[in-house]
Amino acid sequence: MSNGAWTDQENDLIVADYFAMLANDVSGRPYNKAEHRRGLLPLLNGRSEGSVEFKHQNISAVLKGLGEDWIPGYKPAFNFQMTLVDAVARWLALNSAWLGRHSGVGAPTGLAEARPIWIGPPPTLSNQPPPQELEQMLHIARKFDVAARDERNRALGRAGEERVLAHERAALKSEGRDDLARKVRWVSEEDGDGAGYDIASFAPDGRPRLIEVKTTNGWERTPFHISRNELAVAEERRSQWSLFRLWNFAREPKAFELHPPLDAHVSLTATSFQASFH
């Protein structure tokens, strides 16, 4: 049995097989993990079933760092080699449609009938220590600029906003405030992106809620982009503005809300500068 470093060819083979299983998993189609492992073994350099199993867990960890969903049956295993990250990045580059997808879970056909979104505390207030693998996950996210990728994914962003719009209307109706539910507006869709928030909603007592939605298919600590204008509106209208972070979107959307000041929860890093001539 081989216990040496995995070659790029081996990594490419197992990553492609993993995504074949993941596509079935996300779509709810049956598949057999043992059959996939057995099919891979003759193509690898004397690897054991156990090493293939562990490599699948490594791929889950890489996908977690990349802000993507993974196969639940393969719990992420960390401290992997960066060559595996490169192999996953190669697969994603060759299969760009994967990043452009969004699940029907996130985009209800009837907004009024949408299931409520599970809303928990933000990671900074969950009374749980940061996971040991956080630094490795954030390194991957920075290297591949996961925040910018999610920001560019307009289908994902739009579907997330639509899902939160439905959630807000349903929440107000459940409080007996049908009058307010009818007034909830999808501002970014109706007026464009310049307002500094996406949805104008209300608390049950009628107070305005200005909601900026940030959506990812990844885990709750996936980095995100926020614009200078959004930060300015958050500061100017602190009592009304909130950031609604929607995560695990492709499978079962979950969320938390951040309220200003945002730097109490996240590290804000400048990623671009405006250049003006002297």
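Residues numbered from 1 in each chain as written. Predicted model: local features only at pLDDT ≥ 70, side-chain atom pairs only at ≥ 80, totals over all residues. Heavy atoms only, no water.

> Please explain the overall build of the protein as it appears in this structure.
A count of helices and strands for the protein gives 11 helices and six strands. Summarising its shape, the C-alpha atoms of the protein cover approximately 65 × 55 × 35 Å along the three principal directions. Split into buried and exposed, the 278 residues of the protein put 45% on the buried side. A fraction of 67% describes how many contacts in the protein between residues 6 or more apart in sequence connect residues 24 or more apart. Here the protein displays about 14,500 Å² of accessible surface, and carbon together with sulfur accounts for 51% of that area. (Helix = DSSP H or I, 4+ residues; strand = E, 2+ residues; numbered from the N terminus. Buried < 20%, exposed > 50% of the residue type's maximum accessible area, 1.4 Å probe, protein only. Contact = heavy atoms within 4.5 Å. Areas by Shrake-Rupley, 256 points an atom, 1.4 Å probe, with all protein chains shown as cover.)

> Mind showing me how you'd approach the domain arrangement of the protein here?
Quoted interface sizes are often the accessible area lost when the parts come together. You can read the domains of the protein as domain 1 (8–95) and domain 2 (133–264). Placing the centre of domain 1 and that of domain 2 at their C-alpha centroids yields a distance of 31 Å. Taken together, the 20 residues of domain 1 in the interface contact 17 residues of domain 2. Viewed at the interface, domain 2 and domain 1 are joined by four salt bridges. Ionic pairing is found between D86 and K143, a salt bridge with its closest N-O pair at 3.6 Å. In this structure, the connection of domain 1 to domain 2 is made through six residue pairs in polar contact (both at pLDDT 80 or more). Those elements that provide at least two residues to the side of domain 1 that touches domain 2 are α1 (8–27), α3 (49–65) and α4 (82–94). (Domains from an automatic or database assignment. Salt bridge = Lys/Arg side-chain N within 4 Å of Asp/Glu carboxyl O. Polar contact = N/O pair within 3.5 Å; in protein donor to acceptor, adjacent residues only side chain to side chain.)

> Any chance you could explain the packing of aromatic side chains here in plain terms?
Given two aromatic rings, one states the distance between the centres and the angle between the planes to describe the pair. On inspection of all chains with the given rule, the structure shows five aromatic pairs. Ring geometry for Y18 versus Y74: centroids 6.3 Å apart, planes at 35°, classification tilted. Note that Y18 is positioned in helix α1 and Y74 in the loop between α3 and α4, a separation of 56 residues in sequence. Residue classification places Y18 among the buried residues on the basis of a relative accessible area of 0%. Given the relative accessible area of 0%, Y74 is considered buried. Taken together, the ring pairs in this structure connect Y18, F19, Y74, W91 and W98 into an aromatic cluster. The ring centre of Y74 lies 4.8 Å from the NZ or CZ of K33, which sits over that ring. (Phe/Tyr/Trp six-rings, centres within 6.5 Å; stacked < 30°, edge-to-face > 60°. Lys NZ or Arg CZ within 6 Å of the ring centre and 35° of its normal.)

> Would you mind going over the pattern of salt bridges with me for this structure?
Side chains that differ in sign of charge can pair as their charged atoms come close. This model, assessed by the stated rule, comprises 21 salt bridges. Among the ionic pairs, R185 bridges to E190, the shortest N-O distance being 3.1 Å. Across the salt bridge formed by K214 and E212, the nearest N and O atoms sit 3.4 Å from each other. Of the two residues, K214 and E212, both sit in the buried class. Within the structure, one salt-bridge network assembled from shared partners comprises E151, E212, K214 and E230.

> Which parts of the structure should I look at to understand the nonpolar core?
The nonpolar side chains of a soluble globular protein tend to be buried with one another. Counting 32 residues, the largest nonpolar core has V15, F19, I59, F80 and V88 as its most contacted members. Elements supplying a minimum of two residues to this core: α1, α3, α4 and α6 (134–143). Both domain 1 (8–95) and domain 2 (133–264) contribute no fewer than three residues apiece to this core. Sequence-distant contacts of V88, that is, excluding residues within four places in its chain, are made with V15, F19, I59, V62, L63 and L66. (Core = buried A, V, L, I, M, F, W, Y, C linked by side-chain atoms within 4.5 Å.)

> How should the packing of α3 against α4 be read in this particular structure?
A packed helix pair is summarised by two numbers, namely the angle formed by the two axes and the spacing between the axes. Running from N to C, α3 and α4 point in directions that differ by 70°, and their axes come no closer than 10 Å. With respect to α4, the axis of α3 lies roughly perpendicular. The chirality of how α3 crosses α4 is right-handed. Residues K55, N58, I59, V62 and L63 of α3 touch α4, and the partners they reach there are L84, V85 and V88. When grouped by side-chain class, the residues that make up the contact of α3 with α4 number six nonpolar, one polar and one charged. (Axes fitted to C-alpha atoms, helices over the stretch in contact; angles between N-to-C directions. Parallel < 35°, antiparallel > 145°, perpendicular 65-115°, else oblique. Left-handed = near helix turned anticlockwise from the far one by under 90°. Nonpolar A, V, L, I, M, F, W, Y, C, P; charged D, E, K, R; others polar.)

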